[in-house]
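Residue strings, one per chain:
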Amino acid sequence: MKKTSSTVARLVLAATVFASAGTALVAPGTVAAQPASVVRGLPDFTELVEQVGPAVVNIRTLEKVSSRANVNGMDEEMLEFFRRFGVPVPNVPRQQRPQRPQEEDAQPSGVGSGFIVSADGYVMTNAHVVDGADQVLVTLTDKREFKARIVGTDKRTDVAVVKIEATGLPAVKIGDSSRLKVGEWVMAIGSPFGLESTVTAGIVSARQRETGDYLPFIQTDVAINPGNSGGPLINMRGEVVGINSQIYSRSGGFMGISFAIPIDEAMRVSEQLRATGRVTRGRIGVQIGPVSKDVAESLGLGKQQGALVTGVEAGSPAEKAGVEAGDIITRFDGKPIDKVSDLPRMVGSTKPGSKSVVTVFRRGNARDLTITIAEIEPDKTARKAADQPKPKAAVATQQLGLLVSDLTDAQKKELKLKGGVRVEAASDAAARAGLREGDVIVAIANTEVSSSKELEAVLAKLDKSKPVNVLFRRGEWAQYALIRPAR
């Protein structure tokens, strides 16, 4: 069907009016397109690559390998004997006679990534990238290569700082990892499988992801592979918010989950490494464990929180401050301990020698203890329960399926306890709660017990139909159990 020119003119005029009014023209039966302000396209990373790329470096490590001759299975000492006295090596023709071993050769041992944090040549990377290296080579994007000096490494956080002799270098801009949001776009630059200046992108999958390490990690779906380690994780403002450190993989390659060290903590570590070559951390001398929901409810804690003190080191700051096994530390310097891993991080970031206040929940009451922070030291090996002396006599109690005995004075001194009773056998409800021979019960139903008679007296007053919490020692570790009556 043909349209007259006047009809076409009217349609054009109508379209102009609708367009000027901000109304989209759509065909009948179709859905109107969203305004441009609503529709978001994929981000463009080109400007970020141009901005940050020159400050990302490739790191290669070398290890010295001794080139030792090995003929007919002879070791180096035997071959040296033949060389020294000019005696032919048995069963070896003269032309194949071994020469003196060559000097140690530097062989490639690893590859990783890093980024320049200052124009005078300081580079950050992962500790595992340079660990054990005899020589570290840093290659810039302009192909210049430098021998680097390892300033310091910190295996707890997997952070390392190396130094190259150069000036006027491009440096990254440091961001704030605490401002990251789940779902935010991020980008990584590194050298996966040795392919330098490789760019990948994705989103933040989770923050404060616990992996059992000293730090909570930033989890992303950015493609990270071997060789990316030590490279920067960059936000859309061109700021470094993390150091790519780990991947979750069953095959050795990327499987959609990668982890980065938050840059806030990494920078605190790097500042100490640059100043002294090492990292000092605070310690208070306690062993801790999680607080279960059942234990929190039975103790009247209110909610599942804090760190359960399972052991206190002799002579430690915690012991001097009055912290006891079985305490639940709920605050450190006024900051809440939501989960058990919060405490070592807070203590570790506190300067040794300073005084802090810990809030402990003990037998239904909260109290503040002032503690002087010490410097962290290698963990001590706890003695096993089997090392504890055996009691000479046993006194039976039938309640809760427990057979217990009083502790001798020597045993109390050995265990550093004022009281308690030793479990000789556990059956029925006690066994189901996890108690076993050798455990030492120090409190039950939030009441300390120093003898089997006190234990029986406390049990006699309890409602037999309700669960009862028991604080006990196993070796040098203290923990709670919830004994539930049989139904």
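Owing to the predicted nature of the structure, the values given are computational and were not obtained by experimental measurement.

Novice: Honestly, the layout of surface pockets in this entry has me stumped. Any pointers?
Specialist: Taking a probe equal in size to a water molecule and rolling it over the atoms shows the remaining empty space. Its boundaries defined by the atoms lining it, the second largest pocket holds a volume of some 580 Å³. Gln 208, Pro 216, Glu 265, Arg 268 and Arg 345 are the residues nearest the centre of the second largest pocket, which is lined by 24 residues in total. Those elements giving two or more residues to the lining of the second largest pocket turn out to be strand S9 (198–209), strand S10 (217–220), helix H5 (263–276) and helix H8 (342–348).

Novice: Before we go on, may I ask you to explain unusual backbone geometry in this structure?
Specialist: Even without a glycine there, the phi angle at Gln 208 is positive, about 55°. Note that Gln 208 resides in strand S9. The phi dihedral of Asp 333 falls on the positive side, at around 55°, and the residue is not glycine. Tracing the chain through its elements places Asp 333 in the loop between strand S17 (328–332) and strand S18 (335–336).

Novice: Whenever I open this one, the packing of aromatic side chains confuses me. Can you help?
Specialist: What characterises a pair of aromatic rings is the spacing of the ring centres plus the angle enclosed by the ring planes. Applying the stated criterion across every chain, the model contains 2 aromatic pairs. When the centroid spacing of 6.0 Å and the interplanar angle of 65° are considered together, the rings of Phe 45 and Trp 185 count as edge-to-face. Here the residue Phe 45 occupies a position in the loop between helix H1 (5–20) and helix H2 (46–52), and Trp 185 occupies one in strand S8 (residues 185–190), the gap between them amounting to 140 residues. Given the relative accessible area of 16%, Phe 45 is considered buried. Where Phe 217 meets Phe 259, the ring centres are 6.2 Å apart and the plane angle is 65°; that geometry is what we call edge-to-face. In this pair, Phe 217 sits in strand S10 while Phe 259 sits in strand S13 (residues 258–262), placing the two residues 42 residues apart along the sequence. Like Phe 217, the residue Phe 259 is buried in the burial classification. Note that Lys 163 overlies the ring of Tyr 122, its terminal NZ or CZ placed 5.4 Å from the centroid.

Novice: Before we go on, may I ask you to explain the pattern of salt bridges in this structure?
Specialist: Close approach of charged atoms lets side chains of opposite charge pair. One pass over the full model with this rule turns up 18 salt bridges. Across the pair Glu 165 and Lys 163 runs a salt bridge whose closest N-O atoms are separated by 3.9 Å. In this structure Glu 165 comes out as exposed when scored by relative accessible area, which is 62%. For the salt bridge of Asp 439 with Arg 474, the shortest nitrogen-to-oxygen distance reads 2.7 Å. Of this pair, Asp 439 sits in the loop between helix H10 (428–432) and strand S25 (440–444) while Arg 474 is found in strand S27 (residues 468–474), placing the two residues 35 residues apart along the sequence. By relative accessible area, Arg 474 is classed as buried at 18%. Through salt bridges with shared partners, a single network forms among Glu 324, Asp 327, Arg 362, Arg 363 and Glu 448.

Novice: Explanation requested: the side chain of Thr 330 in the structure shown.
Specialist: Tracing the backbone through its elements, the reader meets Thr 330 in strand S17. In this structure, Thr 330 is in contact with Leu 301, Gly 306, Lys 335, Pro 336, Ile 337, Thr 359 and Phe 361, ignoring residues within four places of it in sequence.

Novice: Whenever I open this one, the environment of Asn 446 confuses me. Can you help?
Specialist: Topologically, Asn 446 is positioned in the loop between S25 and strand S26 (447–448). Separated by 12 residues in sequence, Asn 446 and Val 458 have C-alpha atoms that sit 10.0 Å apart. Once residues within four sequence positions are removed from consideration, Asn 446 is found in contact with Ser 298, Leu 299, Arg 363 and Asn 469.

Novice: How do you make sense of the nonpolar core when you look at a structure like this?
Specialist: For soluble globular proteins, the rule of thumb is that nonpolar side chains tend to be buried together. Counting residues in hydrophobic clusters, the biggest one holds 28 residues, and the most contacted among them are Phe 115, Met 124, Val 172, Ile 243, Ile 261, Ile 263 and Ala 266. Listed by contribution, the elements that provide at least two residues to this core are H2, strand S3 (122–125), strand S6 (159–163), S8, strand S12 (239–247), S13 and H5. In terms of residue count, H5 provides more of this core than any other element does, 5 residues in total.

Cut-offs applied
- Residues numbered from 1 in each chain as written.
- Predicted model: local features only at pLDDT ≥ 70, side-chain atom pairs only at ≥ 80, totals over all residues.
- Heavy atoms only, no water.
- 1 Å grid on protein atoms, 1.4 Å probe; cavity = no way out; pocket = protein on both sides within 12 Å on 5 of 7 lines; lining within 4 Å.
- Points joined across faces, edges and corners; volume = space filled by probe spheres on them.
- Helix = DSSP H or I, 4+ residues; strand = E, 2+ residues; numbered from the N terminus.
- Phe/Tyr/Trp six-rings, centres within 6.5 Å; stacked < 30°, edge-to-face > 60°.
- Buried < 20%, exposed > 50% of the residue type's maximum accessible area, 1.4 Å probe, protein only.
- Lys NZ or Arg CZ within 6 Å of the ring centre and 35° of its normal.
- Salt bridge = Lys/Arg side-chain N within 4 Å of Asp/Glu carboxyl O.
- Contact = heavy atoms within 4.5 Å.
- Core = buried A, V, L, I, M, F, W, Y, C linked by side-chain atoms within 4.5 Å.

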